[in-house]
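If you want the building blocks of each chain, they are given just below.
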Amino acid sequence: MITVGIYLAAGNSTRMGADKRALSFANTSLGSVALQAALVSSLSTVFLIVPPTDSLDWVAPPLLRHEKIMIIRCPSATQSFSLRCGVREAIRHQSDAAVILLADQPFVRKETINKLIACFAQTRTDYVAFANNNRPFPPILFSAAVFPSLLNIQGDEGARQLIRQKHWNGTLLHVDDNRLFFDIDTPEEYKQALKYWEKGGIG
């Protein structure tokens, strides 16, 4: 089974006021934390989706040399366009499934990703995700069966909204610590995430 990762890192960080991917976090950059987890997970390939002129200086150098990574330069920074760039690569690589990952979710672990993959291998449902109040949140695994629908996402509409609109057969998993869903968009959220990490992150 071929399961790839689509690592969305093409945003503008407008609410942060600076490139949040380059912020210091866990002895590396914020954008490198979940990327490293993805690269050491069971994913076959990780497509790093970035803007056309991205210098990639925010990425920890060893990660850029990793055998699993593929840099995909996407013409638009909108989430839907970036997602479509990744899905097209997943189709081109004849993937059975793809895990959508966000560059601003530093509490995602390799075990998180591997659990999604293992669950999909057993259930083969349209998607697998961890749930917060019975709602799916990234990272989300999507079966190749729904790739065509993901290619139709427009504007800033995310895949979660598409899940709510479609009558897909999905699997929701329980998580013990909701900090898994913590994403960082503002300076205040960055400070909060640093406090979480100093306390040992999540279990």
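Higher on the page you've got the structure.
Before going into details, it helps to say that this report is about the structure given with it. As the structure is a computational prediction, the values presented were derived from the model and not from experiment.

### A few points about the overall build of the protein
Here is step 1: Helix and strand counts for the protein stand at seven helices and nine strands.
Here is step 2: On C-alpha atoms alone, the protein measures out to a radius of gyration of 16 Å, which is about the 17 Å that the 2.2 N^0.38 rule sets for 203 residues.
Here is step 3: Principal-axis analysis of the C-alpha atoms gives the protein an extent of 40 × 40 × 30 Å.
Here is step 4: Per-residue burial over the protein gives 54% buried out of 203 residues.

### Things to note about the sheet that holds strand β6 (residues 97-102)
Here is step 1: If you walk across this open sheet you meet the seven strands as β5-β4-β1-β6-β8-β7-β9, and the pairing is mixed. Unpaired on one side and paired on the other, β5 (69-73) and β9 (170-173) mark the two borders of the sheet. The sheet shows a mean angle of 25 degrees between the axes of neighbouring strands, direction not considered.
Here is step 2: Sheet strands touched by helix α1 (residues 30-39): β1 (3-8), β4 (46-50), β5 and β6. Its angle to β4, the strand with the most contacts, is close to 155 degrees.

### Re the pairing of β6
Here is step 1: Counting buried positions over the six residues of β6 gives six, a clear majority of the element.
Here is step 2: Side-chain alternation along β6 places Ala97, Val99 and Leu101 on one buried face and Ala98, Ile100 and Leu102 on a second face that is also buried.
Here is step 3: Sheet analysis places β1 next to β6, joined by six bridges and oriented parallel. Within β6, the position partnered with Val4 by the bridge is Ala98.
Here is step 4: Bridge count between β6 and strand β8 (residues 135-143): four bridges; the pairing is antiparallel. Considered in β8, the bridge of Ala97 is made with Ser143.

### A few points about the packing of aromatic side chains
Here is step 1: Considering all chains together, one arrives at eight aromatic pairs under this definition.
Here is step 2: Between Phe107 and Phe182, the ring centres sit 6.4 Å apart and the planes meet at 85 degrees, which makes this aromatic pair edge-to-face. A residue pair is termed long-range when its members are at least 10 positions apart, and Phe107 in the loop between β6 and α4 (110-123) and Phe182 in the loop between β9 and α7 (187-198) qualify at 75 residues.
Here is step 3: On the basis of relative accessibility, which here comes to 0%, the residue Phe107 falls in the buried class.
Here is step 4: Considering the side-chain rings of Phe107 and Tyr196, the 6.1 Å spacing of their centres and the 65 degrees angle between planes classify their relative orientation as edge-to-face. Within this pair, whereas Phe107 is found in the loop between β6 and α4, its partner Tyr196 is found in helix α7, the two being separated by 89 residues in sequence.
Here is step 5: Among the aromatic residues, ring-to-ring pairing joins Phe25, Phe107, Phe182, Tyr196 and Trp197 into one connected group.

### Brief notes about α4
Three or four residues apart is the spacing at which side chains of an α-helix point the same way, because the helix has 3.6 residues per turn.
Here is step 1: The terminal C-alpha atoms of α4, which comprises 14 residues, lie 20 Å apart, in line with the 20 Å expected from a rise of 1.5 Å per residue.
Here is step 2: Along α4, the residues classified as buried are Thr112, Ile113, Leu116, Ile117, Cys119 and Phe120. The buried residues of α4 occupy an angular sector of 165 degrees when the element is viewed end-on, so they sit on one face.
Here is step 3: Turning to α4, the residues buried within the fold contact β1, α1, β6, β7 (127-132), β8 and β9.

Each value, and the rule that gives it
- Residues take numbers from 1 onward in each chain, read along the sequence in its written order.
- Per-residue local features of the predicted model are confined to residues with pLDDT of at least 70, and side-chain atom pairs are confined, for both listing and counting, to 80 or more; whole-chain, interface and lining totals are unaffected and use all residues.
- The basis for every side-chain value is the complete set of heavy atoms in the structure, and neither hydrogens nor water enter the calculation.
- Strands are runs of DSSP state E lasting at least 2 residues, helices are runs of H or I lasting at least 4, and numbering of each runs from the N terminus.
- Atoms counted for the radius of gyration: C-alpha only. Globule rule: 2.2 Å times residue count to the power 0.38.
- For each residue, the accessible area found with a 1.4 Å probe, counting protein chains only, is set against the maximum for its type, and the residue is called buried under 20%, exposed over 50%, and partly exposed in between.
- Pairing between two strands requires that DSSP report at least two bridges joining them.
- The axes used here are C-alpha line fits, helices contributing only the stretch in contact, and every angle between their N-to-C directions lies in the interval 0 to 180 degrees.
- Whether two residues are in contact is decided by their heavy atoms, any of which lying within 4.5 Å being enough.
- Ring pairs are drawn from Phe, Tyr and Trp, using the six-membered ring of Trp, whenever the two centres fall within 6.5 Å, and their geometry is named by plane angle: stacked under 30 degrees, edge-to-face over 60, tilted for the rest.
- To estimate the expected span of a helix, subtract one from its residue number and multiply by 1.5 Å.
- Within this analysis, the arc is defined by the directions that extend from the helix axis to the C-beta atoms.

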